[in-house]
Amino acid sequence: MHKSFIKRWLPTAEQIRSQNGLQFLGALLHDPNLFHLNRHSVSVAFATGIFTSFLPLPGQMLIAALLALWFRCNLALSIALVWISNPVTIPMIFYGTYKLGAWMLGTQPLQFHIELSWQWLADEVGKIWLPLFFGSLFCGFSFAILSYFITQGLWRWHVIKRWKARLALRKAQMT
């Protein structure tokens, strides 16, 4: 993806700094890596956003924002990537991470159905939280590391491709 395409969808630094709810962060929002699109800030933002999307916790966007501030990566991209786990995909993701966690811990997965209610949450989470937590952390770390290296590689490939195209253009102009 080109930087111009990504920039079209991301808010500017001024738009984020002008939000009243973010004024308490003060000077933290003045780090240039939070808003620039360079290889470091984008690849770390992919890692933090994807890691956070696997966490079975409420407030994933806030967690991704705090991680972006801590690791000094692109803030908006990190928050946007959390939406990999959206209301449509979250049941599949958490079911898969639960099954993986149960396998990793050597426990038998329980048969259950997911309901989005407080009663279900109170009754079932106590039974499934440990395998879900371990599976989610494992998947989060694994996909975060994978996405970091894929983003680094794609960015490098794109830069090399553009260098070669410019070199070929210069050679063609010289002849």
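Owing to the predicted nature of the structure, the values given are computational and were not obtained by experimental measurement. (Residues numbered from 1 in each chain as written. Predicted model: local features only at pLDDT ≥ 70, side-chain atom pairs only at ≥ 80, totals over all residues. Heavy atoms only, no water.)

Draft legend 1. Examining the packing of helix α6 (residues 90-105) against helix α7 (residues 118-174) more closely. Axis separation between α6 and α7 bottoms out at 7 Å; the angle between their running directions is 100 degrees. In this view, α6 runs roughly perpendicular relative to α7, as classed from their interaxial angle. The residues of α7 that touch α6, namely those facing F94, T97, Y98, L100, G101, A102, M104 and L105, are I128, L130, P131, L132, F134, G135, S136, F138 and C139. Along the lines of polarity and charge, the residues of the contact of α6 with α7 split into 13 nonpolar, 4 polar and no charged. (Axes fitted to C-alpha atoms, helices over the stretch in contact; angles between N-to-C directions. Helix = DSSP H or I, 4+ residues; strand = E, 2+ residues; numbered from the N terminus. Parallel < 35°, antiparallel > 145°, perpendicular 65-115°, else oblique. Contact = heavy atoms within 4.5 Å. Nonpolar A, V, L, I, M, F, W, Y, C, P; charged D, E, K, R; others polar.)

Draft legend 2. The arrangement of α7 in detail. Along its 57 residues, α7 runs just 71 Å from first to last C-alpha, ending more than 12% under the 84 Å computed at 1.5 Å per residue. Where α7 bends most, at V125, the angle is about 60 degrees. (Expected span 1.5 Å × (residues − 1). Bend = angle between axes of the 7 residues up to and from the residue.)

Draft legend 3. Just the packing of helix α3 (residues 39-53) against helix α4 (residues 60-71), in detail. Contact geometry of α3 with α4 gives a least axis separation of 9 Å together with a crossing angle of 150 degrees. The handedness of the crossing between α3 and α4 is right-handed. Here H40, V44, T48, F51, T52 and S53 of α3 come into contact with α4, specifically with Q60, I63, A64, L67 and F71. The residue makeup of the contact of α3 with α4, split by class, is 6 nonpolar, 5 polar and no charged. (Left-handed = near helix turned anticlockwise from the far one by under 90°.)

Draft legend 4. Region of the structure containing the side chain of S147. If you trace the backbone, S147 turns up in helix α7. By relative accessible area, which is 9% here, S147 ends up buried. Setting aside residues up to four positions removed in sequence, S147 forms contacts with F46, A47 and I50. (Buried < 20%, exposed > 50% of the residue type's maximum accessible area, 1.4 Å probe, protein only.)

Draft legend 5. Fine view of the packing of aromatic side chains. Scanning the model with the defined rule gives 5 aromatic pairs in all. A ring pair is formed by F54 and F143, whose centres lie 5.3 Å apart and whose planes are at 5 degrees; its orientation type is stacked. Of this pair, F54 sits in the loop between α3 and α4 while F143 sits in helix α7, placing them 89 residues apart in sequence. Classification of F54 as buried rests on a relative accessible area of 11%. Residue classification places F143 among the partly exposed positions, given a relative accessible area of 40%. Here Y148 and F149 contribute two aromatic rings whose centre-to-centre distance is 5.1 Å and whose plane-to-plane angle is 85 degrees, an arrangement assigned as edge-to-face. Using a relative accessible area of 26% as the deciding quantity, one classes Y148 as partly exposed. Using a relative accessible area of 54% as the deciding quantity, one classes F149 as exposed. (Phe/Tyr/Trp six-rings, centres within 6.5 Å; stacked < 30°, edge-to-face > 60°.)

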